[in-house]
Amino acid sequence: QVQLVESGGGLVQPGGSLRLSCAASGSIFSRYAMGWYRQAPGKQRELVAGITTGDNTNYGDSVKGRFTISRDNAKNTVYLQMNSLKPEDTAIYYCYARIGTYYWGQGTQVTVSS
């Protein structure tokens, strides 16, 4: 069983930045693929970014060039740096860990508004 705890969400103005963190339990963090999905009201959950055990990354089209995912295996943590935020980035952001199956965090709210 993997437990994930997200932090770093909040309210930010358009054009601003936030960094989300997701801390994972367990001693084999380096073996998990990690990433972030988001879900806005009335919309389907969509992939934001993912990072493999070999540090290969992939991004959703709407965030390419603005968001950066990274991981620190020593801290069992994955990060999502979000820059140039737009109102359409407003959503609940969910962290996941994948090793055979998916484990999910509880989600953190990100609101982009003036």
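Anything mentioned here points back to the structure above.
### Topic: the overall build of the protein chain
Along its length, the protein chain carries zero helices and 11 strands. The order of helices and strands in the protein chain, counted from the N terminus, is β-β-β-β-β-β-β-β-β-β-β. At 13 Å, the protein chain has a C-alpha radius of gyration in line with the 13 Å of a compact globule built from 114 residues. By principal-axis analysis of the C-alpha atoms, the protein chain measures approximately 40 × 25 × 20 Å. Split into buried and exposed, the 114 residues of the protein chain put 41% on the buried side. The contacts in the protein chain between residues at least 6 apart in sequence include a share of 53% that link residues at least 24 apart. Summing over all exposed atoms, the protein chain offers an accessible surface of approximately 6000 Å²; the carbon and sulfur share of this is 45%.

### Concerning the side chain of Arg-66
Relative to the helices and strands, Arg-66 is located in the loop between β6 (57-59) and β7 (67-72). Here Ser-84 takes part through its backbone oxygen, which lies 3.0 Å from a polar atom of the side chain of Arg-66. When near neighbours in sequence (up to four residues on either side) are disregarded, Arg-66 contacts Gln-81, Met-82, Asn-83, Ser-84, Leu-85, Lys-86 and Asp-89.

### Regarding the sheet that holds strand β1 (residues 4-7)
Pairing is antiparallel in the open sheet, where four strands are placed in the order β1-β3-β8-β7. Because the sheet does not close on itself, it has two edges, and the strands there are β1 and β7. Geometrically, the sheet is characterised by an average inter-axis angle of 15° between neighbouring strands, direction not taken into account. Note: β7 against strand β8 (residues 77-82), six bridges, orientation antiparallel. Residue pairing for β8: Arg-71 is matched across the bridge by Val-78.

### A few points about the pairing of β8
With five of its six residues buried, β8 lies for the most part within the structure. Sheet topology places strand β3 (residues 18-24) next to β8; six bridges connect them, and they run antiparallel. Among the inter-strand pairings, Leu-20 is bridged to a residue of β8, identified as Leu-80. Between β7 and β8, which pair antiparallel in sequence order, lie four residues; one of them, Asn-76, sits at a positive phi of approximately 50°.

Cut-off values and rules
- Residues numbered from 1 in each chain as written.
- Predicted model: local features only at pLDDT ≥ 70, side-chain atom pairs only at ≥ 80, totals over all residues.
- Heavy atoms only, no water.
- Helix = DSSP H or I, 4+ residues; strand = E, 2+ residues; numbered from the N terminus.
- Rg over C-alpha atoms; globule rule 2.2 N^0.38 Å.
- Buried < 20%, exposed > 50% of the residue type's maximum accessible area, 1.4 Å probe, protein only.
- Contact = heavy atoms within 4.5 Å.
- Areas by Shrake-Rupley, 256 points an atom, 1.4 Å probe, with all protein chains shown as cover.
- Polar contact = N/O pair within 3.5 Å; in protein donor to acceptor, adjacent residues only side chain to side chain.
- Pairing = 2+ DSSP bridges.
- Axes fitted to C-alpha atoms, helices over the stretch in contact; angles between N-to-C directions.

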